[in-house]
Amino acid sequence: MEPASETLSDLPPSAKLVFKVLEYNGSLTQGEIADETMLPRRTARFGLSRLKEGGLVEDQVSFRDARQSVYSLTETGEQVGTPSN
């Protein structure tokens, strides 16, 4: 399996944008991610699926609305987002 940083660099720009939005804003729903990135919902969903495949993002059922999922960075995703010195 590739290191997560290599996985992130190989992802399409839309997935990288979704990653950055989650890094700066914390947990968000798919709709909130689409609004923040100004990407179509389908493109945001594609970015999220690629990030989940790479182990950088996880989803949980929303407590506010059980029909929605809330996405956040995994521990691995947080390490990728943190600049190394």
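Placed above this text is the structure.
Anyway, here's the lowdown on the structure attached to this text. Being a predicted model, the structure only gives us computed values, none of them experimental.

## Quick notes on the overall build of the protein chain
Counting its regular elements, the protein chain contains 5 helices and 3 strands. Ordered by position from N to C terminus, the α and β elements of the protein chain give α-α-β-α-α-β-β-α. When burial is assessed residue by residue, the protein chain has 40% of its 85 residues classed as buried. Entry remark: accessible area of the protein chain is about 5600 Å², with carbon and sulfur atoms responsible for 49%.

## Points about the side chain of serine 62
Inspection of the secondary structure puts serine 62 in the loop between strand 2 (57-61) and strand 3 (69-73). There is a polar contact of 3.2 Å between the side chain of serine 62 and the backbone nitrogen of arginine 64. If near-sequence neighbours (up to four positions away) are discounted, serine 62 is found in contact with Gln68, Ser69 and Val70.

## Here's the deal with the pattern of salt bridges
Using the criterion set out here, one finds 5 salt bridges in the structure. Between aspartate 65 and arginine 67 there is a salt bridge, and its shortest N-O distance comes to 2.9 Å. The exposure class of arginine 67 is exposed, given its relative accessible area of 75%.

## Observations concerning the packing of helix 3 (residues 30-37) against helix 4 (residues 41-53)
Where helix 3 meets helix 4, the axes come as close as 9 Å, and the angle between the chain directions of the two elements is 110°. Accordingly, the angle class assigned to the pair helix 3 and helix 4 is roughly perpendicular. Here helix 3 and helix 4 pass one another in a crossing that is right-handed. Taking contact as the criterion, the partners of Gln30, Gly31, Ile33 and Ala34 in helix 3 are, on helix 4, Arg41, Ala44, Arg45 and Leu48. Its residues assigned to classes, the contact of helix 3 with helix 4 comprises 4 nonpolar, 2 polar and 2 charged.

Reading guide: rules and limits
- Residues numbered from 1 in each chain as written.
- Predicted model: local features only at pLDDT ≥ 70, side-chain atom pairs only at ≥ 80, totals over all residues.
- Heavy atoms only, no water.
- Helix = DSSP H or I, 4+ residues; strand = E, 2+ residues; numbered from the N terminus.
- Buried < 20%, exposed > 50% of the residue type's maximum accessible area, 1.4 Å probe, protein only.
- Areas by Shrake-Rupley, 256 points an atom, 1.4 Å probe, with all protein chains shown as cover.
- Polar contact = N/O pair within 3.5 Å; in protein donor to acceptor, adjacent residues only side chain to side chain.
- Contact = heavy atoms within 4.5 Å.
- Salt bridge = Lys/Arg side-chain N within 4 Å of Asp/Glu carboxyl O.
- Axes fitted to C-alpha atoms, helices over the stretch in contact; angles between N-to-C directions.
- Parallel < 35°, antiparallel > 145°, perpendicular 65-115°, else oblique.
- Left-handed = near helix turned anticlockwise from the far one by under 90°.
- Nonpolar A, V, L, I, M, F, W, Y, C, P; charged D, E, K, R; others polar.

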